Amino acid sequence: MTSAVNHFTHGLLTPVLAYVMSCMGSMLGLRLTAQAHASRGGTRARWLLGAAVSIGGTGIWVMHFIAMMGFDVEGTQIKYDVPLTAASAVVAIVVVGTGLFLVSYGRGRLPALLGGGLLTGLGVASMHYLGMYAMNMSAHVSYDRVVVATSVGIAVVAATVALWFTLRVKKPIWITAAALVMGVAVAGMHYTGMFAMHVTVDPEPGVVAGADALDFLVPLMTVISLITLTMLLMVILSPSEEELHEDAELVAKLELRRRTAQQQQFTYPAPMPRQRQMQARRR
């Protein structure tokens, strides 16, 4: 029997909340990459890692599973394979991090941008379908290949645009606008991939193995969200890129004044004290 698949069991609650989380993760990730571009060495790498957790963890993975809370199949339970679901989170963070490092250390060159976008897009699509494969149901699942290919294409384009944003967007107003666009792209890829799924429930549903969403996904999403909030506080307390530039300019001016004073001292020796001048005349 063909099941009734419902992507919006709770109405607009899950898609709206998923979109908001995607925008928040993307916004923080863009802010972290701006901080990374103003830093050097190990500090730069740490900011990029934080951006990978924000975009990959919160902006993509948490968004995906919040949206999945509204997914339901009539006639069967839905449970989740714990290792596969956890692996999907790792995949999302790793591929986004790889793309960010490629683009950042590739200095924004076109090959690095396109290569990073392709790798990240394919990785995000892999995360999505791995997360869907982690769902256990007493049913047969198949996919429409054309719609799957469309969702992968959306993922690659969205990832490339997102990486371009990390290079160009630095001001808060543009970061907000870019995050809203990234949220639309991520949500669009997710629901396109979901509509590629066709489910046929088994005539005699059996016992479904795995963990319930509320018992497993909610705690995991809470942990990732708390990590994201911690990084948000770090960004708020850290100096902005403009402040870092101002500090660097101030240090440069002070260093220039010090060198100028030294040169003047060597060029025009300091006058001798009056006592020493009188002693020199007597000699």
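Preceding this section is the structure that the text describes.
Residues numbered from 1 in each chain as written. Predicted model: local features only at pLDDT ≥ 70, side-chain atom pairs only at ≥ 80, totals over all residues. Heavy atoms only, no water.

Caption draft 1: Representation of the overall build of the protein. Helix and strand counts for the protein come out as nine helices and six strands. In the protein, which comprises 283 residues, the proportion classed as buried is 43%. If you take every contact in the protein between residues at least 6 apart in sequence, the share linking residues at least 24 apart comes to 89%. For the protein, the exposed surface amounts to about 15700 Å²; the carbon and sulfur share of it is 66%. (Helix = DSSP H or I, 4+ residues; strand = E, 2+ residues; numbered from the N terminus. Buried < 20%, exposed > 50% of the residue type's maximum accessible area, 1.4 Å probe, protein only. Contact = heavy atoms within 4.5 Å. Areas by Shrake-Rupley, 256 points an atom, 1.4 Å probe, with all protein chains shown as cover.)

Caption draft 2: Structural detail: the packing of helix α1 (residues 13–37) against helix α6 (residues 172–195). Here α1 crosses α6 at 130°, and the two axes come no closer than 8 Å. Compared by their axis directions, α1 and α6 come out oblique. You can see that α1 and α6 cross each other, and the crossing is right-handed. Listed contacts from α6 to P15, Y19, S22, C23, S26, M27, L30 and R31 of α1 are I175, T176, A178, A179, L180, M182, G183, V184, V186 and Y191. Residues that form the contact of α1 with α6 fall into these classes: 13 nonpolar, four polar and one charged. (Axes fitted to C-alpha atoms, helices over the stretch in contact; angles between N-to-C directions. Parallel < 35°, antiparallel > 145°, perpendicular 65-115°, else oblique. Left-handed = near helix turned anticlockwise from the far one by under 90°. Nonpolar A, V, L, I, M, F, W, Y, C, P; charged D, E, K, R; others polar.)

Caption draft 3: Inspection of the packing of aromatic side chains at higher detail. Counted according to the given criterion, the structure contains six aromatic pairs. With a centroid separation of 5.9 Å and 70° between ring planes, the pair formed by F65 and Y80 is classed as edge-to-face. One end of the pair, F65, is in helix α2 (residues 41–68); the other, Y80, is in strand β3 (residues 79–80), and 15 residues separate them in sequence. Here the two residues F65 and Y80 agree in accessibility, since each one is buried. Judged by centre distance (5.8 Å) and plane angle (85°), the rings of Y129 and Y143 are edge-to-face. Pair noted here: Y129 is in helix α4 (residues 110–133) and Y143 is in strand β5 (residues 139–143), with a separation of 14 residues, a long-range link. Residue classification places Y143 among the partly exposed positions, given a relative accessible area of 33%. (Phe/Tyr/Trp six-rings, centres within 6.5 Å; stacked < 30°, edge-to-face > 60°.)

Caption draft 4: A nonpolar patch on the surface, seen in detail. A surface patch of nonpolar side chains, about 360 Å² in accessible area, is lined by L12, V16, V20 and M24. Along the chain, V20 turns up in helix α1. (Patch = residues over 30% accessible without salt bridge, like charges linked within 9 Å, V, L, I, M, F, W, Y side chains within 5 Å. Salt bridge = Lys/Arg side-chain N within 4 Å of Asp/Glu carboxyl O.)

Caption draft 5: Quick peek at the side chain of T58. Residue placement: T58 occurs in helix α2. The class of T58 is buried, set by a relative accessible area of 1%. Here T58 is in contact with M21, S22, G25, V53, M63, I224 and T228, once residues within four sequence places are set aside.

Caption draft 6: Region of the structure containing the nonpolar core. One finds W61, F71 and M135 to be the most contacted residues of the largest nonpolar core, which totals 61 residues. Those elements that provide at least two residues to this core are α1, α2, α3 (82–105), α4, α5 (145–168), α6, β6 (197–201) and α7 (213–237). (Core = buried A, V, L, I, M, F, W, Y, C linked by side-chain atoms within 4.5 Å.)

Caption draft 7: Just α2, in detail. In this model α2 runs 39 Å from its N-terminal to its C-terminal C-alpha over 28 residues, within 8% of the 40 Å that 1.5 Å per residue would give. Residue V62 marks the point of greatest curvature in α2, where the axis turns by about 30°. Among the 28 residues in α2, 21 count as buried, and that is most of the element. (Expected span 1.5 Å × (residues − 1). Bend = angle between axes of the 7 residues up to and from the residue.)

Caption draft 8: Representation of the pairing of β6. The two faces of β6 differ: M197, V199 and V201 on one face are buried, but H198 and T200 on the other face are not. Strand direction decides the pairing type here: β5 and β6, joined by five bridges, are antiparallel. Each residue of the ladder has a partner; that of H140, found in β6, is T200. (Pairing = 2+ DSSP bridges.)

Caption draft 9: Main features of the environment of L102. Relative to the elements of secondary structure, L102 occurs in helix α3. In this structure, the C-alpha to C-alpha distance between L102 and L113, residues 11 residues apart in sequence, is 7.5 Å.

Caption draft 10: Structural view of the environment of L13. Tracing the sequence through the fold places L13 in helix α1. Considered as a pair, L13 and A67 are 54 residues apart in the sequence and their alpha carbons are 9.0 Å apart.

Caption draft 11: Molecular detail of the packing of α4 against α6. Contact geometry of α4 with α6 gives a least axis separation of 11 Å together with a crossing angle of 45°. On the basis of the axis angle, α4 is oblique to α6. Pair α4 / α6 crosses with right-handed handedness. Facing V124, A125, H128, Y129 and M132 of α4, the residues of α6 in contact are M189, H190, G193 and M194.

Caption draft 12: Here's a closer look at the side chain of S104. Tracing the backbone shows S104 in helix α3. The contacts of S104, once residues within four sequence positions are left out, are H37, R44 and L48.

These figures come from the coordinates and say nothing about function on their own.
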